[in-house]
Amino acid sequence: RTFRSTAKFWRWAIWRFRPQLQSGTVRFVTDSERLADEYEELTGIRFEVLPHPSLVGISVTPGVNTTVAEDDSLPIKIFLPGPARYEKGVVRLLEASKLLATKGVNRRLEFVLQWREPFNLPDGGTIGPDDLSSYESENVRFRVIRNPLSSDEYLNELNHADLIILPYLREVYFARISGV
């Protein structure tokens, strides 16, 4: 599976912590049952699964509309949390937005992305926040957040989004520690 090529090394490295694990001075944790299963298969040691912190502190603010507005004059807000990167699938999202723009949508869409700098594409090209205008149409727009968000600003974006998308590329991201 994910760590097959380095399995022997990881088994050896993790087993060196066995005395500390048994005494309780060290804990091995992960954020998904899938990764815990894989690590156990790899090492013989069960990792503890802790909840992912992404929902900590999120609550619906009184007065905040939690459903898509029925007023067609308001755009549907689609939020992509975290910085835009190739492996996070932002290119696929842009392809989808272009498809929506060419097929025509009867409701305005506002994609909200956090994107500070251009990044390299596998074909050697680059893409960045300044390229988004080529993906826009009358009903498909982008709002780019170019600076880091505070926790309150981040929660505000989440609370005001009609749709939250995590467009990860499985073929690139499967081996990342988050287990996405």
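So, a few notes on the structure that sits alongside this text. Since we're looking at a predicted model, the values are computed, not measured.

What counts, and where the lines are drawn
Residues take numbers from 1 onward in each chain, read along the sequence in its written order. Whole-chain, interface and lining totals are the exception, using all residues; otherwise, since this is a predicted model, local features are given only for residues with pLDDT of at least 70 and side-chain atom pairs are given and counted only at 80 or more. Computation of side-chain values covers all heavy atoms of the structure but excludes hydrogens and water. Throughout this description, buried means an accessible area under 20% of the type-specific maximum (1.4 Å probe, protein chains only), exposed means over 50%, and partly exposed covers the range between. Only DSSP runs of H or I covering at least 4 residues are called helices, and only runs of E covering at least 2 are called strands; the numbering of each starts at the N terminus. Two strands qualify as a pair provided that DSSP identifies no fewer than 2 bridges between them. Call a crossover right-handed when, viewed with both strands pointing away from you, the route from the first strand across the helix to the second goes clockwise. For this analysis, a salt bridge means a side-chain nitrogen from Lys or Arg found within 4 Å of a carboxyl oxygen belonging to Asp or Glu. Expected helix span is taken as 1.5 Å per residue step, with the number of steps being one fewer than the number of residues. Think of it as the arc spanned by the lines of direction from the helix axis to the C-beta atoms. Any pair of residues with heavy atoms lying within 4.5 Å of one another is described as a contacting pair. To qualify as a nonpolar core, a set must consist of buried Ala, Val, Leu, Ile, Met, Phe, Trp, Tyr and Cys residues joined through side-chain atoms within 4.5 Å. Think of each axis as a best-fit line through the C-alpha atoms, taken over the contacting stretch in the case of a helix, with angles from 0 to 180 degrees between the N-to-C directions.

Brief notes about the pairing of strand β3 (residues 76–83)
Across the 8 residues of β3, 6 count as buried, placing the element largely inside the fold. Across 6 bridges, β3 lies against strand β4 (residues 109–114) in parallel orientation. Residue pairing for β4: Lys77 is matched across the bridge by Glu110. In this view, the connection linking β3 to its parallel neighbour β4 by way of helix α4 (residues 90–103) has right-handed handedness. Sheet topology note: the β3/strand β8 (residues 163–164) ladder contains 2 bridges and is parallel. From the neighbouring strand, Phe79 faces β8, where its bridge partner is Ile164.

What to know about the pattern of salt bridges
Using the criterion set out here, one finds 10 salt bridges in the structure. Measuring nitrogen to oxygen at the nearest pair gives 2.7 Å for the salt bridge that ties Glu33 to Arg46. Taken together, the positions of Glu33 in helix α3 (residues 33–43) and Arg46 in the loop between α3 and β2 (48–49) put the pair 13 residues apart, joining distant regions of the chain. For Arg46, a relative accessible area of 36% translates into the label partly exposed. One salt bridge connects Glu40 with Arg46, and the closest N-O pair in it is separated by 3.0 Å. Relative accessible area serves as the criterion here: at 33%, Glu40 is assigned to the partly exposed category.

Examining α4
Along its 14 residues, α4 runs 20 Å from first to last C-alpha, staying within 8% of the 20 Å computed at 1.5 Å per residue. Listed in full, the buried residues belonging to α4 are Val90, Val91, Leu93, Leu94 and Ser97. For α4, the arc enclosing every buried residue in end-on projection is 155 degrees, short of the 170-degree limit, so these residues lie on one face. Exposed and oriented more than 90 degrees from the buried face of α4 are Thr102 and Lys103. The secondary structure elements touched by the buried residues of α4 are β3, β4, β5 (119–120), β6 (126–127) and β7 (140–145). Once α4 ends, the next one or two residues include Gly104, with phi positive near 80 degrees.

Topic: the nonpolar core
Val90, Leu94, Phe111, Leu113, Trp115 and Phe142 are the most contacted members of the largest nonpolar core, which totals 18 residues. For this core, the secondary structure elements donating two or more residues are β3, α4, β4 and β7. Counting residues per element, this core draws most heavily on α4, at 4 residues. Setting aside residues no more than four positions away along its own chain, Leu94 makes contact with Trp115, Ile127, Leu132, Tyr135 and Phe142. Membership of the second largest hydrophobic core comes to 6 residues, among which are Phe28, Tyr39, Ile45 and Phe47.

With respect to the environment of Thr102
Residue position: Thr102 is located in helix α4. Separated by 35 residues in the primary sequence, Thr102 and Ser137 place their C-alpha atoms 8.0 Å from one another.

Notes on the environment of Val112
Note on placement: Val112 falls in strand β4. Apart from the residues within four sequence positions on either side, Val112 is in contact with Ile78, Phe79, Leu80, Arg143, Ile145 and Glu157.

Brief notes about the sheet that holds β4
Each strand in a sheet pairs with its neighbour through backbone hydrogen bonds, running either in the same direction (parallel) or in the opposite one (antiparallel). As summarised here, the arrangement of the 4 strands in space is β7-β4-β3-β8, forming an open sheet in which the pairing is parallel. Only two strands of the sheet have a single partner each, and these edge strands are β7 and β8. Docked against the sheet, α4 engages β3, β4 and β7, running at close to 165 degrees with respect to β4. Here helix α5 (residues 151–160) sits on the sheet and contacts β3, β4, β7 and β8; the angle it forms with β3, its principal contact strand, is near 145 degrees.

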